[in-house]
Structures are given as C-alpha cells and as structure tokens.
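# Chains, contacts and geometry: an overview
In case you want the letters, here they are:
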Amino acid sequence: MNKPALNSSIFKDEVNNTGIVLEDTKFPISVFPKKIQEIILDLNDNMGFSVDNTSASMLFAFSTAIGNSYKLEFKRDWIESALVYIAIIGDAGDNKTHPMEWVLEPIKQRDKKSQSTYVLDKSHYDSVIIDETILDKPEMPVESRILINNVTIEKIPAIHSENTKGLGYYSEELMQFLGNLNKYNGGDDFPYWLSNWSNKGYRVDRVKSNQPLAYFEQYVSILGATQGEMTYKMLKGDSKHNGFFERWLYSIPLKSEFAYEDDNEIRVKTIGDWCEIIEKVLDIPYDENNETKILKMSPDAKKNYLDWQNKNTDIIRQRNSKILAKVQKKMQTYCKKFSLILEIISWSCDESNLSEINSKSVAGAIKLTEYFRDNTLKIYQNFEKESKTDNYKKELLFDSLPETFKTVEAIKIGKEFDIEKRSVHSYLKDSSKYEKIRHGQYKRVA
C-alpha cells in the first residue's frame, strides 16, 4: 500500500502538527490538530485508507455534527454555515467506501441507539393512545436522526423538521443520488439542493398531513463516492448552468493503484480518540429553543482571508477565465465554511475556546480551499479534453447504459453527453459491446 513519507513519525512527541509531508497525497493534512493527523495516518498505514478520502469523510462528519449549532458571521447580516457537499472520486474497485464507513461509524451508532429508544417510546405511545381511560394523552414521540440515505425529496423536510440541528445525507454510490434528481417529482430536486447549500430557511406546506411543519433552516450536508467520469454528468444539462457542479468538493487521491495487503492493525487508541472527538461535537446542544451561536473572524484572520481573496480576484481578472471565476466564487464561500469547521475541530481537540475564528483556522481554510479548487479545475480540464474524443464518448455511453435498454433510452442518455442520435445508432452496431435482442432493444455484452 502507499506509505506516508514519514511513516507515522507524527506519533513521536517531537513532531508537531505543522510540517507533515506525504508522498502520495496533496491533501494539506497540516490543517488538522495533531490528534486528527494521528488518526488519519494510522488509517493510511494500517488500513490502506487514502489521506484524501479519510480527511474528506471527516470534514463531512464534522459538518454534519456541527449543523445549525454554530455559524460564521463574516459581516453584518452575512452568515455562513458549515454545510458541505463532498464527492469522493476514484476508479472502480478503489478503496472509497471503507474510509467513509469507518469515519461515520460513531454517528451511525448514535442513530441506532436513537432508533431503539424511539421504538420503545412509540410502542408505549401506541398502547396509551388507545386506552380510553387515560385522559392525559402523551405527545407522539419523534425519532432523533443524524444520517439519512436513499430518501425521497418529499420525505427529507419532514425528517429535517424533527431534527432541526441538521442532517447528513450519505450515499455510497453518489450517482444513485444524482440519478434520482428530478426523477419522481417533476423537477423539484435541483431547486431544493441549490437552496439547501445556502442554508436558507424552509417551510413545507405540501405534506399529506393536517399538522403544519415549523419553519427551519435547511442543513443537509452530503457525502458520496463515484468514479471520475461520472462527475461529467454534472457538467451537462441543467447542472451545467445552475452552479450545481461548483457546489461540490471533490476528493481525488494523487495515486490510484492496487495495494498490497498486510496484517497490520490500527491502534485501539485511534478508535477511541475518533469517537471521543466527533461525539464532543455531536453533543453541542441545539433545538428549537436554542439559538445558533455566532462566531466572527479575528481582525488578523479576516485580513488574511481578504488578502487571499484579493490576490485571486486579480488573477481571475487578468486571465479573464469564466470557468475559474465560477469555481472561485463558490470556493470563497467554502473558505469561510472551512474556517468555521476548522475552529470547531480545534475546539474538539482542546485547542480552541470558540471565542472567535483565529488566523490559524483561516490559514488552514485557505489551504483546504486551494486543494479542492485544484481538483475541481482538474475535472473541468479532463472533461474538456476527453469529451472531444469519439472513443471516450463510446465508453461513457456504454458505462451509463443499464444491462438491457431500448434505443430511445440510449439516445436520451447520449444526449446528456452531447452524443448525436446518429452516433448512438452507430455505436449500437458494435457487436463486441451490444447484442440486439429484438427491434429497438439491446443488451450490453462486455
């Protein structure tokens, strides 16, 4: 497996949390406190988890745990939350799912306990509600939730209104989530997720219930994994113009290769430390009676951010690049989000008192932003290069088709990738890839 250059030498006392350099990643691990770095490197050494994917999963976990409890006030009436959309990118068979599962396990365990409590409370409620001799009926219990997956857009607000601190949407296969957008409800998904990213207020009136849902601030962070080619779907159709693609953070490990296995074990301390750290953030109180706590940047921290933003503005104006401008606009927002997340991460590791966002958090946020910005631009560049080749379009269409399909389906999917109708018909004649079952219907062979 890929090994860090220092091979976990961070575990030695003399190594601080500012000089970690790894050979197989560009992820700026130094932005995290030493405790977090130790966990990431132990998982890299002994589980084969890439630094990029573990770190990105942790950012999602912290974002979900923070929810609406803390926000950044950048200026008067300019508020940013810690909400993120993260896509872990890799080839088929890469170790993408395991880092996400490991990082999210403490949150899943909390949800399991909440579900068990709810089942008992609901059983008691059902037994009491039908007893006509009891006049003082209890309120119907509510299930506490943190993580959701494979949920329709109509169901999310109902779950969210009962868990106003916020939710995390976790999908092992991100394309399943993306493929379901606007599939069932006539086009409501994209507006919802665009609005959610901005943490806007929300109230649902279109539920099949006589009881109105309360107004709440949308907060659903997203984490999922997919292959790099599949991200190109977000550069097509409506998402090409509505900024949906630029709202995502893309984790792309520097190396992707088949790894050796060994019998190394992660430290028991690593498991305990991660549970303790993330549970401290999960325990931050928030409900309908608790107002969001506001943090501001220190003067030095804000100056550092503005200097960075101004330099990037000069570069964009000189290059006159529309793509760079689109990406940077969203990344400036993410830089603010990261500064909030990193400050709370520092607090969870006993390195901050949460009185303000300091220069160290902003410096780390800038490094994170540049890492994710570079990955986004890399996808753009690869898309522009590969979309011009006919062989690439053939493979992209083949990978996107179901096992059996009709010609009209192939034409519809081809249109998403700017493949002309006549080209689709031409591709389907390739007997090494497609078998004609009957008129207008095919089966993938390879």
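Provided above is the structure to which this section pertains.
In this report, we go over the structure that sits alongside the text. Numbering of residues starts from 1 in each chain and follows the order in which that chain's sequence is written. Reporting in this predicted model follows two pLDDT cut-offs: at least 70 for local features of residues, and 80 or more for side-chain atom pairs to be given and counted; totals over whole chains, interfaces and linings ignore these cut-offs and use all residues. The basis for every side-chain value is the complete set of heavy atoms in the structure, and neither hydrogens nor water enter the calculation.

On to the overall build of the protein chain. Numbering of helices and strands runs from the N terminus; a helix is a DSSP stretch of H or I covering at least four residues, while a strand is a stretch of E covering at least two. Each helix and strand counted, the protein chain has 14 helices and 13 strands in total. Expressed as a percentage of the 446 residues in the protein chain, the buried residues total 50%. It only takes one pair of heavy atoms within 4.5 Å for two residues to be counted as in contact. Put simply, 72% of the contacts in the protein chain that link residues at least 6 apart link residues at least 24 apart. A 1.4 Å probe and the Shrake-Rupley method give the accessible areas. Residues count as covered only by the protein chains that appear here. For the protein chain, the exposed surface amounts to about 23,000 Å²; the carbon and sulfur share of it is 47%. Remark: exposure states derive from per-residue accessible area (1.4 Å probe, protein chains only) relative to the maximum for the residue type, with buried under 20%, exposed over 50%, and partly exposed in between.

Two strands make a pair as long as DSSP finds a minimum of two bridges between them. Pairing within the open sheet is mixed, and its three strands lie in the order β2-β1-β10. With partners counted over all chains shown, the strands left at the sheet margins are β2 (78-80) and β10 (293-295), one partner each. Pairs of neighbouring strands in the sheet enclose a mean axial angle of 40°, with direction left out of account. One ladder, built from three bridges, connects strand β1 (residues 70-75) with β10; its direction is parallel. The residue bridging tyrosine 70 from the neighbouring strand is lysine 293, located in β10. Axis definition: a line fitted to C-alpha atoms, limited for helices to the stretch in contact. Angles are taken between N-to-C directions and run from 0 to 180 degrees. Packed onto the sheet, helix α10 (residues 322-348) meets β1, β2 and β10 and runs at close to 135° relative to β1.

Our focus in this paragraph is the pairing of strand β8 (residues 220-226). Of all seven residues in β8, seven are buried, a share of seventy percent or more. Where burial is concerned, the two faces of β8 agree: the one with Val220, Ile222, Gly224 and Thr226 and the one with Ser221, Leu223 and Ala225 are both buried. In terms of strand pairing, strand β3 (residues 85-89) meets β8 through five bridges, oriented parallel. The residue of β8 that forms the bridge with alanine 87 is glycine 224. Where strand β5 (residues 167-173) lies against β8, six bridges are found, and the strand directions are parallel. Counted as the bridge partner of tyrosine 170 is leucine 223 from β8.

Here the focus is the sheet that holds strand β13 (residues 441-444). Strand order in the open sheet formed by three strands is β11-β13-β12, with antiparallel pairing between adjacent strands. Whereas interior strands pair on both sides, the edge strands pair on one side only; in this sheet they are β11 (404-406) and β12 (434-438). The mean inter-strand angle of the sheet, taken between neighbouring strand axes irrespective of direction, is 35°. Direction of pairing for β12 relative to β13: antiparallel, over a ladder of four bridges. Residue pairing across strands places glutamate 435 opposite lysine 443, the latter belonging to β13. Most of the contacts of helix α13 (residues 407-416) go to β11, to which it runs at about 85°, and overall it touches β11 and β13.

All right, on to the side chain of asparagine 312 then. Among the structural elements, asparagine 312 can be located in helix α9 (residues 299-319). Within the structure, the side chain of asparagine 312 is placed 2.7 Å from the side chain of arginine 373, a separation counted as a polar contact. If we skip the residues at most four places from it in the chain, asparagine 312 touches Gln328 and Arg373. Whenever a nitrogen or oxygen atom comes within 3.5 Å of another N or O atom, the pair is scored as a polar contact, on the condition that within protein one atom can donate a hydrogen and the other can accept it, and that pairs from neighbouring residues in sequence are kept only if both atoms are in side chains.

The next point concerns the packing of α9 against α10. Where α9 meets α10, the closest approach of the two axes is 11 Å, and the angle between their N-to-C directions is 175°. Judged by the inter-axis angle, α9 sits roughly antiparallel to α10. Only Leu324, Ala325, Gln328, Gln332, Cys335 and Lys336 of α10 make contact with α9, whose side of the interface consists of Tyr305, Trp308, Gln309, Asn312, Ile315, Ile316 and Arg319. All amino acids are sorted into three groups, where Ala, Val, Leu, Ile, Met, Phe, Trp, Tyr, Cys and Pro are nonpolar, Asp, Glu, Lys and Arg are charged, and the leftover types, Gly among them, are polar. For the contact of α9 with α10, the per-class residue count stands at seven nonpolar, four polar and two charged. Put simply, angles under 35 degrees are roughly parallel, angles over 145 are roughly antiparallel, angles from 65 to 115 are roughly perpendicular, and the rest are oblique.

As a further point, take the nonpolar core. Residues grouped as a nonpolar core are buried Ala, Val, Leu, Ile, Met, Phe, Trp, Tyr and Cys residues, joined through side-chain atoms within 4.5 Å. If you look at the biggest cluster of nonpolar residues, it comprises 122 residues, and the most contacted ones within it are Ile36, Phe62, Trp193, Trp248 and Trp274. Looking at which element gives the most residues to this core, the answer is α10, with eleven residues. Setting aside chain neighbours within four positions, we find tryptophan 248 in contact with Tyr85, Ile86, Ala87, Leu174, Phe177, Leu178, Ile222, Met234, Met331, Tyr334 and Thr376.

Once that is clear, we can look at helix α6 (residues 189-197). Buried residues dominate α6, accounting for eight of its nine residues. Taken together, the buried positions of α6 are Asp189, Phe190, Tyr192, Trp193, Leu194, Ser195, Asn196 and Trp197. With its phi angle positive at about 60°, asparagine 199 sits one or two positions after the end of α6.

The next point concerns the pattern of salt bridges. Between side chains of opposite charge, a pair can form as their charged atoms come close. The rule for a salt bridge is simple: a side-chain nitrogen of Lys or Arg has to be within 4 Å of a carboxyl oxygen of Asp or Glu. Summed over all chains, the structure comprises 15 salt bridges. A salt bridge links aspartate 42 to arginine 267; the shortest N-O distance between them is 3.7 Å. Of this pair, aspartate 42 sits in helix α1 (residues 34-47) while arginine 267 sits in the loop between β9 (249-251) and α8 (268-282); the two residues are 225 residues apart in sequence, bridging distant segments of the chain. Arginine 267 sits in the partly exposed class, given a relative accessible area of 30%. Residue lysine 433 is joined to glutamate 395 by a salt bridge in which the shortest nitrogen-to-oxygen separation is 3.2 Å. Linking lysine 433 in the loop between α14 (421-427) and β12 with glutamate 395 in helix α12 (residues 390-400), this pair joins segments that are 38 residues apart in sequence.

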